[in-house]
Amino acid sequence: MLVLALSHQAAQLQTVVESFPDGIMIVDHVGTIIHVNAAGQELLGDRPSKHIQEHVWRYHPHTLDGDPIPAQDIPLARALRGERVVDHEYLLQRSDGTIIHVNMSANPVYAHEQDGNLIGAVSIFRDVTEQRQQEAEQAQRLRELEGLREIAQATALARKEPAIYGVLVVRLARLLQTNLCVLFMRDDQDDMFKARAPAYGIDETAITRYVLALELVNQVRLLVETDRPLVLDERDSEISEVHGQILRSFGVQNAILVRLEARGRIIGLIAAANKCDNQRFTESDVRLLQTVAPQAALAIENSRLYTQARHISAQAQVQARHLARINDELDAFTYSVSHDLRAPLRAINGFTQLLERSLPDIPERARHQLTRIRVNVEKMSSLIDALLAFSRAGRHVPEQAIIDTTAIMRDALHLYAQDLLNCQAQVVVHDLPSVLGDGRLLEQVFTNLISNAIRYRRKEEPLRITISGTQTSGMVLLVIRDNGSGFDMRYHDKIFQVFQRLHTDEVAQGTGIGLALVRKIVERHGGRIWAEATPGKGAAFFVELPAPGQSQENQDEG
Amino acid sequence: MRGDSALPLAIVLVEDNPDDEELTLAALEEYRLRNPVVVLRDGQEAIDYLFRQGAYAQRSAEQPHLILLDLKLPKVDGLEVLRMIKADPLLRRIPVVVLTSSREEADVITGYDLGANSYIVKPIDFEQLMTTVRTIGSYWLIVNEQPPV
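Please read all numbers here as calculations on a predicted model, not as lab measurements.

**Q** Quick rundown of the overall build of chain A? Include the residues and the values.
**A** Looking only at helices and strands, chain A features 15 helices and 18 strands. Restricting to contacts in chain A with at least 6 residues of sequence separation, those with at least 24 account for 60%. With an accessible surface of roughly 31200 Å², chain A has 52% of that area assigned to carbon and sulfur atoms.

Here it is, written out as structure tokens:
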């Protein structure tokens, strides 16, 4: 009854064991294999029951590194010593020679659990080759992604080219597990691709020896022109002469080259290489370089643009400072010269007048000569004053007030009331739009223009001055028109330059500074001045000045 | 004309340009201002005189009643002299008329706001100079009530 019951149980157990998806191997207390289930036989690649009665040592697993493990460390052997082995992983050679990755557990089997009478051991194992491969690939992808992320981050932060090279070669060498990694950058001067420091695995002093001629790069162009990196290997039986040449010139066994392209132009190459032939590049290495290259090229290009932009802006700043300094010096020079000229002039004039006073009965001829001295002193004095005003206009920053142009124009005319009366002038001033500017400076503009009109009037006709103004798109255009002697338009630009005069003092008195000062003031206001004239018919001066903005007018009213 | 003159209402002229000095004195003479004029030729001499130190340590305690001060001076700048005068509790009561060579310099004076009582731009025309001297003279020495020294 008991036997029957037992054998009944055994049959049930057998069914369970056979239908189990994992391999199951049972050994007796000395390690003789007494059963391997169907899944187990298939996994081991054996015909059913082939190795029954053989010793378990027949199946000798290896560690994951490929080393054989000692016989006493085989899981079933350990289980026979009463140990429990859970989820250990080994490499196992199947009957056909293929190696699989297995996960194995083993447990001792006792006749009665209580008495410790060990009658054998059982091992459960399954093929995890594919699973582990996938996991390894995933881990590799993760490492690659992490590496790429690091490269992207580091190159984005680096501003200077060598810093980018450094980040790239070190991280790539680590990712590709290679012992040489370097960037060859194109030199447009001699059409060479030259290795740049810092490079991984190349001494800084030896770096100049690593050079690729454009010619050579062109020869391998067919491959370089595709996005795929060029993989060179000494052991490749079909390696071309050129490829072998490249490898030998670097003293390496294999190499992988990928182009760096920016704005449709090859600016360089990334090269990774191995000096010994037990390391070869894999498909994932190729993929990795392919991913990194555009990013690296972009980082390098950005850095170059950044450096260029900084250089340009630094140059512009230097130039602006230089110009400002020259301008300041010029104004300071004008000021100090004209200032220092006043003292001797004062002395000449003062002593001449003292002389005149102390000699009451001087001859007419001598008196005339003394008068000429005084007249010339006065002329020089007004020249100096004009120069001073001119230099002041250069250093003075115009105020930005809303100017009642009509009122200032009337003030300016008022200054010349006597002169205008003397030449029976007819002056028409239309309503003028307000402008934005410096009242004191603008009055100088108007007085100069009016004084010009008076001085260059034609003697045979009464002077007529018409002053009008219009406003268009943010600017006010003022026109001061006269019927005077005018000038030849060929000399238009000359009249606005310092000390350029079109007339002698016989025709009209002038310093040669008035219109230059007018132009300087107008331009300091952000405006323009120009003239239209016909010789003998008259001249019109056009002054364009900024109009007050909407906001300023509102402010003024509020 | 000596600074230690017993006459009151002395004028101090601080001027380094001998021509300007001669012309100013001539203009004062023309106006027949009998006031003694002490001429000092640089900023340091002006300070020594006014503060009775150095070469002027022994001079009488009598202080001038008007100072005509040029701005561009050797050794110590006219502005510095002006600043020192106005920082001294006694000297600050003496009217100071600043003589400038140009309107530009006049701007400097107003900008510094050092308390000059007046400033004039040295006119080139001698007649104008005389008028100016006359105006200053009559204004500060006659019309203005002198502060107690």
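Having seen the model, we can carry on.
**Q** Break down the overall build of chain B for me, with residues and values.
**A** Check the secondary structure of chain B and you find five helices and five strands. Counting from the amino terminus, chain B carries its helices and strands in the arrangement β-α-β-α-β-α-β-α-β-α. For chain B, the share of sequence-separated contacts (at least 6 apart) that also reach a separation of at least 24 residues comes to 64%.

**Q** Account for the packing of aromatic side chains, with residues named and values stated.
**A** On inspection of all chains with the given rule, the structure shows five aromatic pairs over all chains. Where Tyr49 of chain B meets Tyr56 of chain B, the ring centres are 5.1 Å apart and the plane angle is 80°; that geometry is what we call edge-to-face. Chaining the aromatic ring pairs together yields one cluster made of Phe184, Tyr210 and Phe250 of chain A. Positioned over the ring face of Tyr49 of chain B is Arg59 of chain B, at 3.8 Å from the centre of the ring.

**Q** I'd like a rundown of the packing of helix H11 (residues 405-415) of chain A against helix H13 (residues 439-455) of chain A, residues and numbers included.
**A** Residue and element names in this part refer to chain A. As a packed pair, H11 and H13 sit with axes 9 Å apart at the nearest point and diverge in direction by 50°. In terms of orientation, H11 and H13 fall into the oblique class. For the pair H11 and H13, the sense of crossing is right-handed. Note on element contacts: H13 touches H11 through Gly439, Leu442, Glu443, Phe446, Thr447 and Ile450, opposite Thr405, Ile408, Met409, Asp411, Ala412, Leu413 and Leu415.

**Q** Can you tell me about the interface of chain B and chain A, naming the residues and giving the values?
**A** The interface is formed by 22 residues belonging to chain B together with 21 residues belonging to chain A. Of the roughly 1900 Å² buried between chain B and chain A on both sides combined, carbon and sulfur atoms contribute 52%. Taken together, the links from chain B to chain A amount to one salt bridge. When the shortest N-O distance is used, the salt bridge between Asp20 of chain B and Arg346 of chain A registers 2.7 Å. At the boundary of chain B and chain A, one finds one residue pair in polar contact (both at pLDDT 80 or more). At the level of secondary structure, the elements contributing two or more residues to the side of chain B that touches chain A comprise helix H1 (18-30), helix H4 (103-112) and helix H5 (126-143) of chain B. The element contributing the most residues to the side of chain B that touches chain A is H1 of chain B, with six residues. Partitioned by chemical class, the residues of the side of chain B that touches chain A number seven nonpolar, three polar and twelve charged.

**Q** I'd like to hear about the side chain of Ser123 of chain A, residue by residue, with values.
**A** All names here are of chain A. Within the secondary structure, Ser123 is located in strand E5 (residues 118-127). Residue Ser123 is classed as buried on the basis of its relative accessible area, which comes to 2%. Of note is the side chain of Ser123, whose polar atom sits 3.3 Å from the backbone oxygen of Ser105. Beyond its immediate sequence surroundings of up to four residues, Ser123 is in contact with Gly23, Ile24, Met25, Leu76, Met104, Ser105 and Ala106.

**Q** I'd like a description of a nonpolar patch on the surface, backed by residues and values.
**A** Residues and elements named next belong to chain A. On the surface, Phe333, Val337, Leu341 and Met380 cluster together into a nonpolar patch covering about 320 Å² of accessible area. In terms of residues, the nonpolar patch owes the most to one element, helix H9 (residues 283-358), which gives three residues. Residue position: Phe333 is located in helix H9.

**Q** Pulling in residues and values, what's your account of the environment of Pro21 of chain A?
**A** Residues and elements named next belong to chain A. Tracing the chain through its elements places Pro21 in the loop between helix H1 (2-19) and strand E1 (23-28). Since its relative accessible area comes to 68%, Pro21 is described here as exposed. The sequence separation of Pro21 and Arg126 amounts to 105 residues, and the corresponding C-alpha distance is 8.4 Å.

**Q** Just give me the short version of unusual backbone geometry, but keep the residues and values in it.
**A** All names here are of chain A. A cis geometry characterises the amide bond from Ala197 onward to Pro198, with omega recorded as -5°. For Pro198, the location among the structural elements is in strand E7 (residues 192-200). Positive phi outside glycine occurs at Asp87, with the angle close to 50°. Among the secondary structure elements, Asp87 is positioned in strand E3 (residues 85-93). Owing to a relative accessible area of 46%, Asp87 belongs among the partly exposed residues under this scheme. With a phi angle near 30°, Ser473 is a residue other than glycine that sits in the positive phi range. Secondary-structure assignment places Ser473 in the loop between strand E15 (464-472) and strand E16 (475-482). The exposure class assigned to Ser473 is exposed, which follows from its relative accessible area of 76%.

**Q** Outline the pairing of strand E2 (residues 37-40) of chain B, supporting the account with residue identities and numerical values.
**A** Residues and elements named next belong to chain B. In E2, alternate side chains face the same way, and those of Val37 and Val39 on one face and Val38 and Leu40 on the other are all buried. Strand direction decides the pairing type here: strand E1 (residues 11-14) and E2, joined by four bridges, are parallel. Its bridge partner being in E2, Val14 is matched across the sheet by Leu40.

**Q** Account for helix H3 (residues 78-87) of chain B, naming residues and giving values.
**A** Here H3 of chain B has its buried residues at Gly78, Leu79, Val81, Leu82, Ile85 and Lys86 of chain B. The buried residues of H3 of chain B occupy one face: seen down the axis, they fall within an arc of 160°.

**Q** Mind laying out the sheet that holds E1 of chain A, listing which residues take part and the relevant values?
**A** Residues and elements named next belong to chain A. The five strands are arranged E2-E1-E5-E4-E3 in an open sheet whose pairing can be described as antiparallel. Looking at the sheet topology across the chains shown, the edges are occupied by strand E2 (33-36) and E3. Direction aside, neighbouring strands of the sheet carry axes that sit 25° apart on average. Sheet analysis places strand E4 (residues 99-110) next to E5, joined by nine bridges and oriented antiparallel. Residue pairing across strands places Val102 opposite Asp127, the latter belonging to E5. Each of E3, E4 and E5 touches helix H4 (residues 129-157); the most contacted strand, E4, lies at about 125° to it.

**Q** Talk me through the nonpolar core; I want residue IDs and the actual numbers.
**A** All names here are of chain A. Met409, Val445, Phe446, Leu449, Ile467, Phe541 and Val543 are the most contacted members of the largest nonpolar core, which totals 47 residues. Contributions of two or more residues to this core are made by helix H10 (364-395), H11, H13, E15, E16, helix H14 (514-524), strand E17 (528-534) and strand E18 (538-546). Per-element accounting of this core gives the leading share, eight residues, to H13. Judged by nonpolar contacts, the second largest core, of 31 residues, contains Ile151, Leu260, Ala272 and Ala299.

What counts, and where the lines are drawn
Residues numbered from 1 in each chain as written. Chains lettered and ligands numbered in written order. Predicted model: local features only at pLDDT ≥ 70, side-chain atom pairs only at ≥ 80, totals over all residues. Heavy atoms only, no water. Helix = DSSP H or I, 4+ residues; strand = E, 2+ residues; numbered from the N terminus. Contact = heavy atoms within 4.5 Å. Areas by Shrake-Rupley, 256 points an atom, 1.4 Å probe, with all protein chains shown as cover. Phe/Tyr/Trp six-rings, centres within 6.5 Å; stacked < 30°, edge-to-face > 60°. Lys NZ or Arg CZ within 6 Å of the ring centre and 35° of its normal. Axes fitted to C-alpha atoms, helices over the stretch in contact; angles between N-to-C directions. Parallel < 35°, antiparallel > 145°, perpendicular 65-115°, else oblique. Left-handed = near helix turned anticlockwise from the far one by under 90°. Buried area = accessible area lost by both parts, 1.4 Å probe. Salt bridge = Lys/Arg side-chain N within 4 Å of Asp/Glu carboxyl O. Polar contact = N/O pair within 3.5 Å; in protein donor to acceptor, adjacent residues only side chain to side chain. Nonpolar A, V, L, I, M, F, W, Y, C, P; charged D, E, K, R; others polar. Buried < 20%, exposed > 50% of the residue type's maximum accessible area, 1.4 Å probe, protein only. Patch = residues over 30% accessible without salt bridge, like charges linked within 9 Å, V, L, I, M, F, W, Y side chains within 5 Å. Pairing = 2+ DSSP bridges. Arc of directions from axis to C-beta. Core = buried A, V, L, I, M, F, W, Y, C linked by side-chain atoms within 4.5 Å.

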